[in-house]
Every structure is written in structure tokens, then in C-alpha cells.
Amino acid sequence: MKLIILGPPGSGKGTISERLVKDFNLLHVSIGDLLRKEAKKNTALGKEISGYINKGNLVPHHMAVKIAKKAIKNKKNFLFDGFPRSIDQAKEIENEGIDLALYVSVPEKEVIKRLSGRLLDPVTGKTYHLKYLPPPKNILKRLVHRKDDTPKVIKERFKVYHQETEPVIKYYQKKGILQTINGVGKTEEVYNRVKMIVKKLK
């Protein structure tokens, strides 16, 4: 089972992915996480990636594809979380034989509301939300806001998302492997919508 999950920033892709990975025994490939991990390293590539991320820009597609292909090497069950983000990337992974692209649809206003309340645990790398995904009380003090969750950067990310990623949604639609999910509602409700669709693949 080779899946892709797409959606605007803050649409809940990470949370949905974590549960799909457990329920369907998939390798979770979050390009964002892999890029952030690389950005923390003091390598030339890490520094370059860091420059893009901090400005809210997408990392050049060849870098993301390189990291993606390395992560899935010969694997038959995986889930790409928030990747591909451009038509170029989608074409580069064409021969991986993607079975299904899930698109989590959430209106812009809702996303801005969600992102401004998001907190990151610098120790585990997990993301929480004070309202939608409350963190355990014992770690509350160490949580921080992500650098890319400021209103200015959120707006920039949305601009980039509309320009780059929306064509990818249309691309998979034309291929007949796209399923759109309403991403508004309680976490459990949204996940159940996704799970029902993925179950049909088995």
C-alpha cells in the first residue's frame, strides 16, 4: 500500500498520518520532519535547507525528492506525508506506483486559527495544539511556537501552497487516484473518514 496525504499547512496531516501508520503498518515518511532533521545538522545541505524553511519557502524540489527516495528505498508499504508538493516532485516519484492520494480539505480561516495555537515539543519533535490536541501537562513549560507559525510566515506558506501544491491535487485527480476528505471536525471524526477510504484499498 503506497499512499500520499496532502492538504494545506495545519490541516491535520501529521496526526492522521500517525494513526494510519499504526493501523495499516506503514512506513511514515514526513518530508518536513526529514528536512527539519537535516536542517539541524551543521552540514552544507542542512544550512541550505534551514534558509528556506525559516522564510516559509518550499525547499527546492530536487532536495526533497532525494530525501524522499532515500527514505522509501525498496519499501512496499509507505505513506508520504505532505509530499509531493509540486508537479515536478509528483513526476519524479511516478515510478514508485502510488495507489492513493488523500487530500484533507480545510478552509484557510480555519487553518490560520489552528496554526496560531500550535506548539512544538523541542525534545520529541511532536506538535500539539492547546485546543485541538492538548499536550500532557508535565511538558507544557518546555513547549515552543514553531518559527514558521507566525502570521506573516503562515500567509506566505499559504501563498506558496496555492501556487505549488494545488496543481498536484489536480494532477492526482486526473490520474483517478485522488480522494478528498473534509478535514473540518473533531480529530476522531476526520480520521474515521480517512480510515474508511483506506480500508477499501486492502
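Reference entry: report on the structure contained in this document. (Residues numbered from 1 in each chain as written. Predicted model: local features only at pLDDT ≥ 70, side-chain atom pairs only at ≥ 80, totals over all residues. Heavy atoms only, no water.)

**So, the sheet that holds strand 2 (residues 27–30)**
The strands making up a sheet associate through hydrogen bonds between their backbones, and the pairing can be parallel or antiparallel. One open sheet accounts for five strands, arranged 2-3-1-4-7; its pairing is parallel. The outermost strands of the open sheet, each flanked by one partner alone, are strand 2 and strand 7 (178–182). The average undirected angle you get between the axes of adjacent strands in this sheet is 20°. Seen against the sheet, helix 2 (residues 31–40) touches strand 2 and strand 3 (78–81) and runs at an angle of roughly 60° to strand 2. (Pairing = 2+ DSSP bridges. Helix = DSSP H or I, 4+ residues; strand = E, 2+ residues; numbered from the N terminus. Axes fitted to C-alpha atoms, helices over the stretch in contact; angles between N-to-C directions. Contact = heavy atoms within 4.5 Å.)

**Some remarks on the nonpolar core**
Counting 53 residues, the largest nonpolar core has Leu20, Phe80, Leu102, Tyr172 and Val198 as the members making the most contacts within it. Broken down by element, the residue count for this core peaks at seven residues, all from helix 7 (residues 151–175). Setting aside residues up to four positions removed in sequence, Val198 forms contacts with Met1, Leu3, Leu20, Phe24, Leu100 and Leu102. (Core = buried A, V, L, I, M, F, W, Y, C linked by side-chain atoms within 4.5 Å. Buried < 20%, exposed > 50% of the residue type's maximum accessible area, 1.4 Å probe, protein only.)

**Some thoughts on the pairing of strand 3**
The two faces of strand 3 match: Phe78 and Phe80 on one face and Leu79 and Asp81 on the other face are all buried. In this structure, strand 2 lies alongside strand 3, joined through four bridges in parallel fashion. Pairing of Val29 across the sheet is with Phe80, part of strand 3.

**Concerning helix 6 (residues 108–115)**
Regarding helix 6, the residues found buried are Glu110, Val111, Arg114 and Leu115. Down the axis of helix 6, the buried set is contained in an arc of 125°. They therefore lie on one face. (Arc of directions from axis to C-beta.)

**Some remarks on unusual backbone geometry**
A negative phi angle is the norm for most residues apart from glycine, just as the trans form is the norm for most peptide bonds. Across the junction of Phe83 and Pro84, the peptide omega takes the value 0°, indicating a cis bond. Its location among the elements puts Pro84 in the loop between strand 3 and helix 5 (87–92). Even without a glycine there, the phi angle at Asn25 is positive, about 50°. Classification of Asn25 as exposed rests on a relative accessible area of 66%.

**Examining helix 2**
Taken together, the buried positions of helix 2 are Ile31, Leu35, Glu38 and Ala39. The buried residues of helix 2 occupy an angular sector of 105° when the element is viewed end-on, so they sit on one face. Residues of helix 2 that are exposed and point more than 90 degrees away from the buried face comprise Lys37 and Lys40.

**Brief notes about the packing of helix 2 against helix 4 (residues 61–72)**
One can describe the packing of helix 2 onto helix 4 by two numbers: an axis separation of 10 Å at closest approach and a directional angle of 105°. Regarding the angle of helix 2 to helix 4, the classification is roughly perpendicular. Here Ile31, Leu34 and Leu35 of helix 2 come into contact with helix 4, specifically with Ala64, Ile67, Ala68 and Ala71. A per-class count over the contact of helix 2 with helix 4 returns seven nonpolar, no polar and no charged. (Parallel < 35°, antiparallel > 145°, perpendicular 65-115°, else oblique. Nonpolar A, V, L, I, M, F, W, Y, C, P; charged D, E, K, R; others polar.)

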